[in-house]
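Letter by letter, the chains look like this.
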Amino acid sequence: MKKYNIFAGNFGSGKTEISVNTALFGAKKKSLEGKHFIVTAGATIEPIDPVRFISNHSSGKMGYAVAEALAARGAKVTLVSGRTSLECPQGVEKVDVLSAEQMYEACNAVFEQTDGAVMCAAVADYTPQTVADEKLKKGDGDMSIALKRTKDIAASLGEKKGSRVLVGFAMETQNERENAQSKLERKNFDFIVLNSLRTEGAGFRGDTNVVTLIDMKGAEELPLMSKRDVAERIVDKIES
Ligand code: C5P
């Protein structure tokens, strides 16, 4: 939903700011009416004991922006959300999950009834092998926690995607293009959105992002944009 600030007034007077919400005018055409998408967003939480967990810095902002952009074009959206402090966008159905395992179950339960999925969540690659029933007590020495691999949710959807659209994200700190390209192929994505943590204005917590959209035909570098505008470009590419 775009907001334009209009300054009204006359010479010599103070300015009055009017915020015009274009959604009120139905500015976006409902080009995705009748379509259904999953969007994953936020960080997964992998419990160690009843008090502690392993997680990451994802704010969920990019995924929530994609969910909002899809819903604004009339799509039904199932937002499978890990931990965030964000409010659910209007018209979006949210399924709250904690762990990678729960996110896997929630996505696989509905994927076959959808037209595709946008995998924005920062999913833990490892989870504790066992979860302690009681709070772990500290001792004098160091301690280590045995971890096991989580399931790759995107790859599991990629295996059964058929003609559905599957979009992934890659957050890289080195060999960005090569890593993104290999994920595109390995997880059977139609395209992947690469953001580099080395780029100013890109990444986890901010409201902006700098991304490159990569598909099998090539790469399109986008300039610094708000996450909401990046979401619009992603949805444009899904439509095309
Ligand atoms: O392999 P990597 O974690 O870098 O892949 C990132 C992409 O795969 C993102 O789209 C992310 O949401 C998705 N992913 C997933 N399940 C995992 C790991 C990543 O869906 N266990």
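Draft legend 1. Main features of the overall build of the protein. Looking only at helices and strands, one finds 5 helices and 16 strands in the protein. Partitioning the intrachain contacts of the protein with sequence separation of at least 6 by distance along the chain shows that 58% fall at a separation of at least 24. In the structure as shown, the protein presents an accessible area of about 13600 Å², 49% of it carried by carbon and sulfur atoms.

Draft legend 2. Layout of the environment of Glu-112. The topology assignment puts Glu-112 in the loop between α2 (100–110) and β8 (116–119). The partly exposed category is assigned to Glu-112, whose relative accessible area is 49%. Between the C-alpha atoms of Glu-112 and Gly-162, which are 50 residues apart in sequence, the distance is 9.3 Å. For Glu-112, the contacting residues outside a window of four places in its chain are Lys-160 and Arg-164.

Draft legend 3. Structural view of the pairing of strand β14 (residues 211–215). Of all 5 residues in β14, 5 are buried, a share of seventy percent or more. Of the two faces of β14, the one holding Val-211, Leu-213 and Asp-215 and the one holding Thr-212 and Ile-214 are both buried throughout. Here 5 bridges tie strand β12 (residues 191–196) to β14, and the two strands are oriented antiparallel to one another. The partner of Phe-191 across the bridge, within β14, is Asp-215. Pairing of β14 with strand β15 (residues 218–221) involves 4 bridges; the strand directions are antiparallel. The partner of Ile-214 across the bridge, within β15, is Ala-219. Between β14 and β15, which pair antiparallel one after the other, the connecting turn spans 2 residues.

Each value, and the rule that gives it
- Residues numbered from 1 in each chain as written.
- Predicted model: local features only at pLDDT ≥ 70, side-chain atom pairs only at ≥ 80, totals over all residues.
- Heavy atoms only, no water.
- Helix = DSSP H or I, 4+ residues; strand = E, 2+ residues; numbered from the N terminus.
- Contact = heavy atoms within 4.5 Å.
- Areas by Shrake-Rupley, 256 points an atom, 1.4 Å probe, with all protein chains shown as cover.
- Buried < 20%, exposed > 50% of the residue type's maximum accessible area, 1.4 Å probe, protein only.
- Pairing = 2+ DSSP bridges.

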